[in-house]
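# Residue-level structural notes
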Amino acid sequence: MRTSEVFVLGAIMGAAVIWLWGKEMEEYVQERTRGVRTKAAAGVRAVEETAGKVLDRGGDALRRADEFLQDTKQHVSEALRVGEEAIRPAAASREA
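Residues numbered from 1 in each chain as written. Predicted model: local features only at pLDDT ≥ 70, side-chain atom pairs only at ≥ 80, totals over all residues. Heavy atoms only, no water.

## Focus on the overall build of the protein chain
In terms of regular secondary structure, the protein chain is built from two helices and zero strands. In terms of C-alpha radius of gyration, the protein chain reaches 37 Å, well past the compact-globule figure of 12 Å for 96 residues. Dimensions of the protein chain, computed from the C-alpha atoms along their principal axes, are close to 115 × 40 × 20 Å. Every one of the 96 residues in the protein chain was classed for burial, and the buried ones make up 2%. Summed over all atoms, the accessible surface of the protein chain reaches about 9,200 Å², with 63% contributed by carbon and sulfur. (Helix = DSSP H or I, 4+ residues; strand = E, 2+ residues; numbered from the N terminus. Rg over C-alpha atoms; globule rule 2.2 N^0.38 Å. Buried < 20%, exposed > 50% of the residue type's maximum accessible area, 1.4 Å probe, protein only. Areas by Shrake-Rupley, 256 points an atom, 1.4 Å probe, with all protein chains shown as cover.)

Following this line, the structure appears as structure tokens:
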């Protein structure tokens, strides 16, 4: 037989096996992998919890940084206004 004929025959046989015994194979795999899937689900849950904690801490740090920046902005603005007033020449009085 040529390679292409063997390939087609193999595909047909594979489809027949899945059609005849597919459900039994699926149940067997599900039963055998139950423990692994349970552990994987627990691992995903642990990652979710840890990621939540890390992101919460990052959010707290960002809020503190934002507060610091707002305070700094206010202090700089006040200092610049005071400096502006100090260097601005007084308005000349007009006497006619």
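## Examining the pattern of salt bridges
Counting across every chain of the model gives five salt bridges. The salt bridge partner of Glu31 is Arg34, with a shortest N-O separation of 3.4 Å. For Glu49, the salt bridge identified is with Arg45, shortest N-O distance 3.2 Å. Highlighted residues: Glu49 and Arg45, both in helix α2 (residues 34-87), separated by four residues, approximately one helical turn. Accessibility expressed as a relative area gives 44% for Arg45, which makes it partly exposed. The network of salt bridges with shared partners includes Arg45, Glu48 and Glu49. (Salt bridge = Lys/Arg side-chain N within 4 Å of Asp/Glu carboxyl O.)

## Points about a nonpolar patch on the surface
Among the surface-exposed residues, Val17, Ile18, Trp19, Leu20, Trp21 and Met25 lie close enough to one another that they form a single nonpolar patch of about 680 Å² accessible area. Along the chain, Met25 turns up in helix α1 (residues 3-32). Using a relative accessible area of 39% as the deciding quantity, one classes Met25 as partly exposed. (Patch = residues over 30% accessible without salt bridge, like charges linked within 9 Å, V, L, I, M, F, W, Y side chains within 5 Å.)

## Notes on the environment of Ala11
Within the element layout of this structure, Ala11 appears in helix α1. Classification of Ala11 by relative accessible area gives partly exposed; the value is 43%. For the pair Ala11 and Thr72, spaced 61 residues apart in sequence, the C-alpha to C-alpha distance is 71 Å.

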